[in-house]
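Each chain is listed here by its residues.
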Amino acid sequence: MNKIIDGKLFAEGLRASLAKKISYVKENHGFTPGLAVVLVGEDPASQVYVRNKGKQTTEVGMKSIEHKLDESTSQEALLKLISELNADDSVHGILVQLPLPKHIDEPTVLDSINYEKDVDGFHLMNVGMLNTGADGVVPCTPLGCIMMLKDRLGDLSGKSAVVVGRSNIVGKPMAALLLQESCTVTIAHSRTKDLPAVCREADIVVAAVGRPKMVLGDWIKPGAAVIDVGINRIEVDGKTKLVGDVDFDSAEPVAGAITPVPGGVGPMTIACLLHNTLQQACRLHKVDMPKD
Ligand code: GUN
C-alpha cells in the first residue's frame, strides 16, 4: 500500500458522501443546513480560509452565510451579531474565524455561540463533552486526523500515540480522541525532556507545534504512522514554500504511513467543518444523521 495518506482524496470522498446526505435531508426532512462564517478584520490567511469555506459549503448543497466585519468592530457588536445568528432558524452552524483582533476576548466570543450551533467544537460545553466521552461536536482538524488514522490503521486500541503540541484547537482534542480510541497517549510540548526519544516510542505521532520540519526521521519508530498538522510558510531560494512540522524527506522512508504538506491534514479540516454543520443541523431538527 502507498504509505502516503492522501488527504485531498480523502476529503473529496467525504464531501461527496456529505453532498448525498445533504440532498437526503433536504428531500426527506425539508431543511437545508446553513453555515454562518464571521470574519473580523483583514487577515490575509483568514480571508483565504473564509472564501474556501463558503465555496465548499455551497458545493455540497448547504447554505453559506458570510459576515465580514471591520477590524474596528466592537466586542459588543460582534456579540450582538452572534446572538442574532443563535436565534436564526436557517443557521445551524456558526463559525467565528480566529484569530480575532486584540481588543476582542476570544473565550467570551466563543462561549456566546449556542453550543448546539458550534461547529468548531471550541465551546466549553463541547470541550467538556469530548473529554467525558459524550456525543458533542469535535474540533475539525483533530477529527480529520482521527478519520484518516482509523481509515488507514483500523482499530487503534492499545497503540501508543504521541501528540506533539498542547493547543486547545489541535493538541488537547487530538489527545482526547486518541484516548477515546483506547490508545496510550502522551502529550509532548516545549518542556518535554528528550522529545526525540519520546516520539521514538510511538506507533502514532501527531505533530502540531507550528515549527517547520521539527520532527526528524530518526525520531520515528520504523513503521509508525505520522500525521503532520503543521502549515508553515518558509522561504526557499527566494520563493515561499509550504512545509509541515515534520521533515518529510527524512521521515517518509521510516514511517509506515505519513500525511504530506500540502495535501494531507489541511484539506480534511474544511470537509470536517461541513460534516460538523450537517451533524448540528440534524441534531437541531431532531433527526438522525443519514448513514453512508
Ligand atoms: N482559524 C484557523 N483555524 C481555525 C479553525 O479551525 N476555526 C476557527 N474558527 N478559526 C480558525
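Rules behind the numbers
Residues numbered from 1 in each chain as written. Predicted model: local features only at pLDDT ≥ 70, side-chain atom pairs only at ≥ 80, totals over all residues. Heavy atoms only, no water. Pairing = 2+ DSSP bridges. Helix = DSSP H or I, 4+ residues; strand = E, 2+ residues; numbered from the N terminus. Buried < 20%, exposed > 50% of the residue type's maximum accessible area, 1.4 Å probe, protein only. Polar contact = N/O pair within 3.5 Å; in protein donor to acceptor, adjacent residues only side chain to side chain. Contact = heavy atoms within 4.5 Å. Core = buried A, V, L, I, M, F, W, Y, C linked by side-chain atoms within 4.5 Å. Axes fitted to C-alpha atoms, helices over the stretch in contact; angles between N-to-C directions. Near = heavy atom within 4 Å. Areas by Shrake-Rupley, 256 points an atom, 1.4 Å probe, with all protein chains shown as cover. 1 Å grid on protein atoms, 1.4 Å probe; cavity = no way out; pocket = protein on both sides within 12 Å on 5 of 7 lines; lining within 4 Å. Sits in = over half its atoms within 2 Å of the grid points. Points joined across faces, edges and corners; volume = space filled by probe spheres on them. Nonpolar A, V, L, I, M, F, W, Y, C, P; charged D, E, K, R; others polar. Parallel < 35°, antiparallel > 145°, perpendicular 65-115°, else oblique. Left-handed = near helix turned anticlockwise from the far one by under 90°. Salt bridge = Lys/Arg side-chain N within 4 Å of Asp/Glu carboxyl O.

Undergrad: Whenever I open this one, the sheet that holds strand β6 (residues 204-207) confuses me. Can you help?
TA: In a beta sheet, neighbouring strands are held together by backbone hydrogen bonds and run either parallel or antiparallel to one another. With parallel pairing, five strands are arranged side by side in an open sheet as β5-β4-β6-β7-β10. Looking at the sheet topology across the chains shown, the edges are occupied by β5 (184-188) and β10 (257-258). Sheet topology places β6 next to strand β7 (residues 225-228); four bridges connect them, and they run parallel. When the bridges of β7 are listed, Ala207 appears paired with Asp228.

Undergrad: Just to check I follow, could you spell out the pairing of β7 for this structure?
TA: Every other side chain in a regular strand lies on the same face of the sheet, so the side chains alternate between the two faces. Because side chains alternate across β7, one face comprises the buried residues Ala225 and Ile227, and the other comprises Val226 and Asp228, equally buried. Relative to β10, β7 runs parallel, the two being bridged by two bridges. Bridged to Val226 within β10 is Ile258.

Undergrad: Just to check I follow, could you spell out the side chain of Asn276 for this structure?
TA: For Asn276, the position within the fold is in helix α10 (residues 265-284). Owing to a relative accessible area of 0%, Asn276 belongs among the buried residues under this scheme. A polar contact is formed between the side chain of Asn276 and the backbone oxygen of Val138, at a distance of 2.9 Å. Non-local contacts of Asn276, meaning those with residues more than four positions away in its chain, are made with Val119, Val137, Val138, Cys140 and Leu143.

Undergrad: Would you take a moment to explain the nonpolar core for this structure?
TA: Nonpolar side chains tend toward joint burial in soluble globular proteins. Residues Leu149, Met174, Leu178, Ile204, Val206, Ile227 and Val229 are the most contacted members of the largest nonpolar core, which totals 52 residues. Among the secondary structure elements, those contributing two or more residues to this core are α1 (7-29), β1 (34-40), α6 (140-153), β4 (160-164), α7 (171-180), β6, β7 and α10. In terms of residue count, α10 provides more of this core than any other element does, ten residues in total.

Undergrad: In this structure, what is going on with the pairing of β6? I would like to understand it.
TA: Where burial is concerned, the two faces of β6 agree: the one with Ile204 and Val206 and the one with Val205 and Ala207 are both buried. As defined by bridge partners, β4 adjoins β6 across four bridges and the pair is classed as parallel. In the strand pairing of β6, Val162 is matched with Val205.

Undergrad: I tried to follow the sheet that holds strand β3 (residues 93-96) on my own but got confused; where do I start?
TA: The sheet built from three strands is open, its strands ordered β2-β1-β3 with parallel pairing. In the strand order of this sheet, the two ends are held by β2 (63-69) and β3, each with one partner. Adjacent strand axes in the sheet meet at a mean angle of 15 degrees, parallel and antiparallel pairs treated alike. Where β1 meets β2, seven bridges bridge the pair, whose relative direction is parallel.

Undergrad: I would appreciate a short explanation of the site of the ligand in the present structure.
TA: Close to the ligand lie Leu95, Val96, Gln97, Leu98, Asp120 and Phe122, which account for all nearby residues. With respect to the ligand, the backbone of Leu98 contributes an N or O atom lying 2.8 Å from a nitrogen atom. At a separation of 2.7 Å, a nitrogen atom of the ligand approaches a polar side-chain atom of Asp120. Summarising the interface, the protein chains cover 79% of the accessible area of the ligand, which totals 280 Å² for the free molecule. Placement of the ligand is best described as lying within the largest pocket.

Undergrad: Could you clarify how one ought to interpret empty space enclosed by the protein in this entry?
TA: Any space left empty among the atoms is revealed by the rolling of a water-sized probe across them. Across all of its chains, the model carries one cavity of 30 Å³ or more by this definition. Ile94, Leu95, Val96, Leu110, Ile113, Asp118, Asp120, Phe122 and His123 together form the lining of the largest cavity. Sorting elements by how many residues they give to the lining of the largest cavity places β3 first, with three residues. For the lining of the largest cavity, the class distribution of residues is six nonpolar, one polar and two charged.

Undergrad: Help me understand the packing of helix α2 (residues 44-59) against α10, please; the structure alone is not making it clear to me.
TA: What describes two packed helices is the angle between their axes and the distance between those same axes. Packing of α2 against α10 leaves a shortest axis separation of 10 Å and a crossing angle of 50 degrees. In terms of axis orientation, α2 runs oblique to α10. In the packing of α2 onto α10, the handedness of the crossing is right-handed. Mapping the contact onto sequence places Tyr49, Asn52, Lys53, Gln56 and Thr57 in α2 and Ile270, Ala271, Leu273 and Leu274 in α10. For the contact of α2 with α10, the residue count by class is five nonpolar, three polar and one charged.

Undergrad: I keep staring at the pattern of salt bridges and nothing clicks. Help me out?
TA: Under the counting rule described, the total for this entry stands at eight salt bridges. The salt bridge involving Lys21 is made with Asp292; its shortest N-O contact spans 3.4 Å. Here Lys21, found in helix α1, pairs with Asp292, found in the segment after α10; they are 271 residues apart in sequence, far enough to count as distant. Taking the shortest distance from any N to any O, the salt bridge between Glu66 and Lys68 comes out at 3.5 Å.

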